[in-house]
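A structural walkthrough
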Amino acid sequence: MLGQGGQSALSLLLLLPLLLLPLPLLLWQEAAAIEVPQDLKQPPTIVRQSVKDYIVDPRDNIIIECEAKGNPVPTFLWRRNGRFFNIGKDPRVTMRKRSGTLEIGFRSGGRPEDYEGEYQCFATNEFGVALSNKILLRVSKAPLWPKEVLEPVSVSEGSSLVLPCNPPPGLPPPFTFWMNSAMSPIPQDKRVSMGLNGDLYFSNVLAKDAQTDYSCNARFLFTHTIQQKNPFTLKVQASRKLPESTPTFLSPSGSESSKMVLRDEELLLECIAAGLPTPTIKWFKKGGDLPARKVKFENYNKTLKILNVSEEDAGEYICMANNHLGSIRHSIFVQVKAAPYWLDKPTNLVLAPEENGRLVCRANGNPKPSIQWLLNGQPIDSAPPSLSRRLLGDTIMFDSVQIGGSAVYQCNASNQHGYLLANAFVSILDLPPRMLGPKNQLIKVIENNRTFLDCPFFGSPLPELRWFKNGQGSGLDGGQYRVYINGTLAIRQARPEDEGTYTCVASSMLGTAENQVRLEVKEPIRIVQAPQQQSPVRGAAARLDCKVTSDATMPVTVTWMKDDKPLYMGWRMRKDDDSLTISNVNEGDQGTYTCTVQSEIEQKSASARLTVLDRPAPPMELDLSDPAARSVRLTWIPGSDRGSPITQFLVQFEEDRWEANRWQNLSTYPGDLNSVILQLVPFVNYQFRVIAINAVGQSEPSGASPRYKTSGTVPDAIPRGLRGSGSKSDNMEISWEPLLDLERNGPNLHYSVWWRRVATEENWSHVTTAGFRHVVENTETYVPYEIKIQARNDFGTGPVSNVVVGHSGEDKPTDAPTDLRVSKVHSSSVVVHWKPVDLNSVRGEFKEYRLHYWRESSLVPGLVVSDDRSAKGFYSTVPEPTGVLSGLVPYSKYKMFMVVANNHFESPPSNAVEFTTKEGVPDVPSLFTLNRRSLDTIHLAWDKPSEPNGILIGYQLKYYSLNGSRTGRPKLETFYPNVTEFNLWLPSRSTRYKLELSALTRVGSGEVLVEELPHFTNEAYIDQVDIATQGWFIGLMCAIALIILILLIVCFIKRSRGGKYPVRDKKDLPLDPVDQKDQDGSFDYHSDEDNKPLQGSQTSLDANVKESDDSLVDYGEGGDGQFNEDGSFIGQYTVKKDKDETEGNESSEATSPVNAIYSLA
């Protein structure tokens, strides 16, 4: 008990939450800590009850809740409409066991409406009576629409209109909406919308509004039924020009109105205006700004909603409607009233004998509520007086209370808008301290987190509580620690050194009680690599990372969620320790992925958005409007962009007259448009489709629009490519490009063509044809004509083209060039002279003087040449024309003649001319090859030039060393013309060289052929051959030969003494696979590679000889054994064959030096 200040222990505990509002976790713990243990005697407390305004479904049983706790267990009774409700007399009403909840059933009949009324529950035990709220029970109602016949509504186009709904008054009120008879919603927008009362408002009526009917529908929440009113039919009187009008208000009426709203409810203000064009609505508050955090604009700005209204929201609100003709205002004066709300709600009070305390009941409202106290459900004024109780307005004071003074007090605060009822018991107890929580609890917390160690206790009088750590030191309070009156120890920031065993001790004059809590501090979970937002293309793979670290002693689990639901791990999903991989992503994988890491005491999450990019969905609902002669408006609804914004729309068309079923591109438009004017051409029956384009690609085409046919007209286009030329010498063919199908503009397309001779006063000749050419016959040769053309169809003629000049046909020129001659003859060029012809003799367009020439022979003996003819044109109109003929081969004999040419014909040839070109320098030598013969010798070979261009007098070879960018002194070698090879000695093998070879004539050196060294592919081979010239190799070969000689001598001595070596034992040894047997029976020893020296060991010989015929010759001391110049041993071991070799059944084995060693053994 708390004796100082006369305040009870429990009242302090109940006031504590007001001091700790920033600590929601602690508030919960304190609320739990103030509970009086259930095993102690205590008055009843209401713990569950039905709402004050209780509407029930008539199809269900009625359940009115009333639950209470207390010790002893409370008993329950009910009052209905202020009178005792005897449930025992009504068979339909039952009360649940150990509860006050009523159940009213209707299986045996009865009407739920008979039980409507006001109910109140009383829970009673020996220590007092607790009361529930007064529960107003009402039965839900869904009345039918009244029978009515609605006449068609006739209205002028541009006028305003209100279609009333007037739904039946249901309980609760129904939700209203408008549909047509086909049960399709009525589209609502800035012009057409439903008001708060359910009526449908038209700011102005258009002709298209008559295309449907209008029916108001009411949906009743409890019965889940929808009732439809008879539909309205509109008849709109169309007008050629819509009459514009200034705004007027349809709702509310007048210039001002008022509105009352209760505190904490929603404020809904509405302004709907008529006018043409449709007015725009704006809202203001006089003397201040609209509360931005609580305000919302709905119904196309026609409704202003303010959430959680408070007193400061009262005032004058102004709505303004305006269009370009003017504006209008309406003021709404808002009053904010309030049902009672608690300022200081009375709470349970536990006191010890002789202790003081108080109950406080403070409430506010508008108007100010009245406060009434009750004792055990009866007005306190009618209760027996008590010396320990004093009533002071909204406070009851208790002085020196005694055992037996327990009771339940009720405080009722009420005004015209509602009431509040609170129960608070006063319990007089005398108890020693006791612990209420579990014993020796283990608490694991995260490092650096604020930590609370609970120690719920109870006692009366209120015990003093102290905390100790590890059983040492004084009580913990201050600095890092704080102890709350409910027994909770708060650690501001848990650290590893805070681990240990904490003991809480509660003590009073009646005794002590203690409990222990063991604290472990753990490292926090850290998501070191969180998933990142990704936008993969459909079909690609996506990887979402989730790499974590945590306390080593705390196992964690990683789970993945998608859009806050557990992720189904399909076959495309692969979950690793640190990541989630999704292969072949599709649109269904799109969403927010959350990686949740959880231990037994902590949970952390990280999320990322996965957006799957795909080609957009096709546009929908194509519509054509605003038809014109050469245009129409196309409108569509864009499909989903599938993660990638739509950048363009491609409009295509198909027409069924010229190229049916072939879709063609019409135009592209920006991706933010969905309504465009299409420019069209006449006389085409169109239909359209739209393709959406984003960064991924094109959508599938939309469905086709309705067909739209443009009317025909005269052709707009002029045929292109008009020209005239002759196909024969006496005609002119006029041709042009026909108009495209989409340029016809109408049926029966024809072309009118006119022509006449240039510079004459002749009348125009004229023809009309459906083709695209016309031939004018019987013309003179190559005469100029003026030509023009015009397209025409059944609607009339199109524009006439500009005049172009064409010519009739050409003929063969009559005159030939004369006096053809040459001058300035060089090795590859010559100057040509001739006398021109009269251009009138060309009989056509003068094209050129054409020189035909050919190479008849070469002056180089024995050189065969091609006599293919060539031609070169010269365009010249001067009196003494000349030209240069180039590209000739030197030292050759040529012939030529000249003609004059028009577009189709050549004249007779001129006189023929022969000339000989001078000698020139030769071409490059052909087939230049280089081969290394040794380390320092290169063999060069070449062939004569394909074109000597003169008499060859020789060749020259220039070569020099290369060292980076520097070159050595060049050296020159010259050769006779019959020399085509040369061995070049190079002093240094490691140096690079550059070789330049050219052929010579008397004129000079020809084109140079360049090669660089080294560049050979056979250098490794050269290295292997030249190793035989090295001294160490010669020495090695000599040593091997000496060893073989010694072995042969030993064998000879052994045989001289009559010794036998086991020929038979060895004769069946197989040949070494590297041995090869010659036709004469000898064996050739050589390496696997032809150019390698002999190895240092010998293989056995397999030849059949008789023992009596053995000799040194058989072992290679005579016969063919020899050495090469370079010391390489290339001899062969040969064997003699006995003349009876093929007759005997036995054969001797030729003894190798190795076998000789065996015989010595």
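Residues numbered from 1 in each chain as written. Predicted model: local features only at pLDDT ≥ 70, side-chain atom pairs only at ≥ 80, totals over all residues. Heavy atoms only, no water.

**Some words on the overall build of the protein**
Let me state the cut-off plainly: Elements are defined by DSSP. Helices are runs of H or I of four residues or more, strands are runs of E of two residues or more, and each kind is numbered from the N terminus. Exposure categories follow from relative accessible area, calculated using a 1.4 Å probe and restricted to protein chains: below 20% of the type maximum is buried, above 50% is exposed, and the middle band is partly exposed. Contact between two residues is taken to exist if any of their heavy atoms lie within 4.5 Å; hydrogens are not considered. Reported accessibility uses the Shrake-Rupley method at a 1.4 Å probe radius. Residues are deemed covered only where the shown protein chains occlude them.
The helix and strand inventory of the protein stands at six helices and 89 strands. Counting across all 1161 residues of the protein, residues that qualify as buried make up 43%. Within the protein, residue pairs in contact and separated by at least 24 positions form 65% of the contacts whose partners lie at least 6 positions apart. A total accessible area of about 61200 Å² is found for the protein, and carbon and sulfur atoms account for 50% of it.

**Digging into the sheet that holds strand β59 (residues 664-670)**
Definition in use: Pairing between two strands requires that DSSP report at least two bridges joining them.
Spatially, four strands are ordered β59-β58-β61-β62 in an open sheet, and the strand pairing comes out antiparallel. Strands at the two margins of the open sheet, each flanked by one partner only, are β59 and β62 (708-709). As defined by bridge partners, strand β58 (residues 648-655) adjoins β59 across six bridges and the pair is classed as antiparallel. Of the residues in β59, the one forming a bridge with V651 is S667.

**With respect to the packing of aromatic side chains**
Here is the rule we go by: Only Phe, Tyr and Trp rings take part, Trp by its six-membered ring, and two of them pair if their centres are within 6.5 Å. Stacked means planes under 30 degrees apart, edge-to-face means over 60, and tilted covers everything else.
Across all of its chains, the model carries 21 aromatic pairs by this definition. Where F398 meets Y409, the ring centres are 5.5 Å apart and the plane angle is 70 degrees; that geometry is what we call edge-to-face. Note that F398 is positioned in strand β35 (residues 395-398) and Y409 in strand β36 (residues 407-415), a separation of 11 residues in sequence. The residues F398 and Y409 share a single accessibility class, namely buried. Judged by centre distance (5.8 Å) and plane angle (45 degrees), the ring pair of W834 and F874 falls under tilted. Of this pair, W834 sits in strand β72 (residues 830-835) while F874 is found in strand β74 (residues 869-874), placing the two residues 40 residues apart along the sequence. On the basis of relative accessibility, which here comes to 2%, the residue W834 falls in the buried class. By relative accessible area, which is 9% here, F874 ends up buried. Members of the aromatic cluster, connected to one another through ring pairs, are W834, F846, Y849, F874 and Y875.

**Digging into the state of the cysteines**
Spelled out, the test is: Two cysteine sulfurs form what is called a disulfide whenever their separation falls within 2.5 Å.
All chains considered together, the criterion is met by six disulfides. A disulfide bridge connects C271 with C319, and the sulfur atoms are separated by 1.8 Å. Across the disulfide from C271 to C319, rotation about the S-S bond amounts to roughly -70 degrees, and the bridge is consequently left-handed. With a gap of 48 residues between them, C271 in the loop between β22 (267-270) and β23 (272-276) and C319 in strand β27 (residues 315-323) connect regions that are remote in the sequence. For the pair formed by C271 and C319, the shared burial category is buried. Cysteine pairing for the protein (bonded cysteines numbered in sequence order): 1-2, 3-4, 5-6, 7-8, 9-10, 11-12.

**Section: the nonpolar core**
Selection criterion: Here, nonpolar core means buried Ala, Val, Leu, Ile, Met, Phe, Trp, Tyr and Cys residues that are tied together by side-chain atoms lying within 4.5 Å of each other.
Judged by nonpolar contacts, the single largest core of 30 residues is most densely connected at I62, I64, W78, Y115 and L137. Among the elements of the structure, β2 (53-56), β3 (62-64), β4 (66-71), β5 (75-80), β8 (102-104), β9 (117-125) and β11 (135-139) are those that each provide at least two residues to this core. Residues within four places of Y115 in sequence aside, it is in contact with I62, R80, D90, R92, V93, I104, F106 and L137. L453, L465, Y502 and A513 belong to the second largest nonpolar core, which has 21 residues in total.

**Overview of the environment of D498**
We count it as follows: Polar contacts, as counted here, are pairs of nitrogen or oxygen atoms within 3.5 Å of one another; within protein the pair requires one atom able to donate a hydrogen and one able to accept it, and residues that are adjacent in sequence qualify only if both atoms are side-chain atoms.
Along the chain, the position of D498 falls in the loop between β44 (489-491) and β45 (500-508). Residue contacts for D498: discarding those within four places in its chain leaves K469, Q480, Y481, I491, Q493 and L519. Within the local environment of D498, its side chain forms a polar contact with the side chain of Y481, the two groups lying 3.4 Å apart.

**Observations regarding the sheet that holds β22**
Applicable threshold: In this analysis an axis means a line fitted to C-alpha atoms, helices contributing only their contacting stretch, and an angle means the value between N-to-C directions, from 0 to 180 degrees.
Spatially, β22-β26-β25 is the arrangement adopted by the three strands of the open sheet, whose pairing is antiparallel. The sheet terminates laterally at β22 and β25 (295-298), the two strands that pair on one side only. When the angles between neighbouring strand axes are averaged without regard to direction, this sheet yields 20 degrees.

**A few points about the environment of S829**
Along the chain, S829 turns up in the loop between β71 (818-823) and β72. With 58 residues separating them along the chain, S829 and G887 place their C-alpha atoms 6.3 Å apart. Not counting residues up to four positions away in its chain, the partners in contact with S829 are K824, V884, L885, S886 and L888.

**Some thoughts on the side chain of S858**
Within the secondary structure, S858 is located in strand β73 (residues 848-858). Not counting chain neighbours up to four residues away, the residues in contact with S858 comprise L863, V865, Y891 and S892.

**Points about the confidence of the model for the protein**
Selection rule: Confidence scores here are pLDDT values: one per residue, from the predictor, ranging 0 to 100.
Taken as a whole, the protein shows an average pLDDT of 84; of its residues, 86% reach a score of 70 or greater. The model gives residues 1-33 a pLDDT under 50, and that stretch makes 65 contacts with residues more than four places away or in other chains. Across residues 1059-1161, confidence stays below pLDDT 50; counting only partners more than four residues off in sequence or on other chains, it has 141 contacts.

**What about the pairing of strand β67 (residues 773-777)?**
Where burial is concerned, the two faces of β67 differ: the one with H774 and V776 is buried and the one with R773, V775 and E777 is not. Pairing analysis gives five bridges linking strand β64 (residues 731-737) to β67, with the strands arranged antiparallel. Looking across to β67, one finds that E733 is bridged to V775.

**Let's talk about the pattern of salt bridges**
Filter applied, for reference: Basic side-chain nitrogens of Lys or Arg form a salt bridge, by our definition, when they fall within 4 Å of a carboxyl oxygen of Asp or Glu.
With the rule as written, the count across this model stands at 51 salt bridges. The partner of E298 in a salt bridge is K305, and the shortest N-O contact between them spans 3.0 Å. Among the residues examined, K305 registers a relative accessible area of 15% and is labelled buried. The network of salt bridges with common partners includes E856, K893, K895 and E914.

**Some details on the side chain of N902**
Structurally, N902 is set in the loop between β76 (892-901) and β77 (913-916). We classify N902 as buried; its relative accessible area is 2%. Engagement of the side chain of N902 in a polar contact is seen with the backbone nitrogen of H904, the distance being 2.9 Å. For N902, the side chain forms a polar contact with the main-chain nitrogen of F905, separated by 2.6 Å.

**Remarks on a nonpolar patch on the surface**
Put simply, the rule is: Without a salt bridge and with relative accessible area above 30%, a residue can belong to a patch; like charges are then joined within 9 Å and nonpolar side chains (Val, Leu, Ile, Met, Phe, Trp, Tyr) within 5 Å.
Side chains of L1042, L1045, I1046, I1049, F1052 and I1053 sit close together on the surface and give an oily, nonpolar patch of about 540 Å² of accessible area. The residue I1049 is located in helix α4 (residues 1031-1056) in this model.

**Quick word on the environment of V800**
Position of V800 among the secondary structure elements: in strand β69 (residues 796-800). Overall, the relative accessible area of 38% leaves V800 in the partly exposed class. Counting along the chain gives 11 residues from V800 to I789, while the straight-line C-alpha distance between them is 5.8 Å. Every residue in contact with V800, bar those within four places of it in the chain, is listed here: I718, K788, I789 and Q790.

**Thoughts on unusual backbone geometry**
Residue P72 follows N71 across a cis peptide bond; omega there is 5 degrees. Cis geometry marks the peptide bond from L276 to P277, where omega comes out at 0 degrees. Phi angles above zero are rare outside glycine, and K824 is one such case at about 50 degrees. Along the chain, K824 turns up in the loop between β71 and β72. The exposed category is assigned to K824, whose relative accessible area is 61%. The backbone of Y891 shows a phi angle near 60 degrees, a positive value even though the residue is not glycine.

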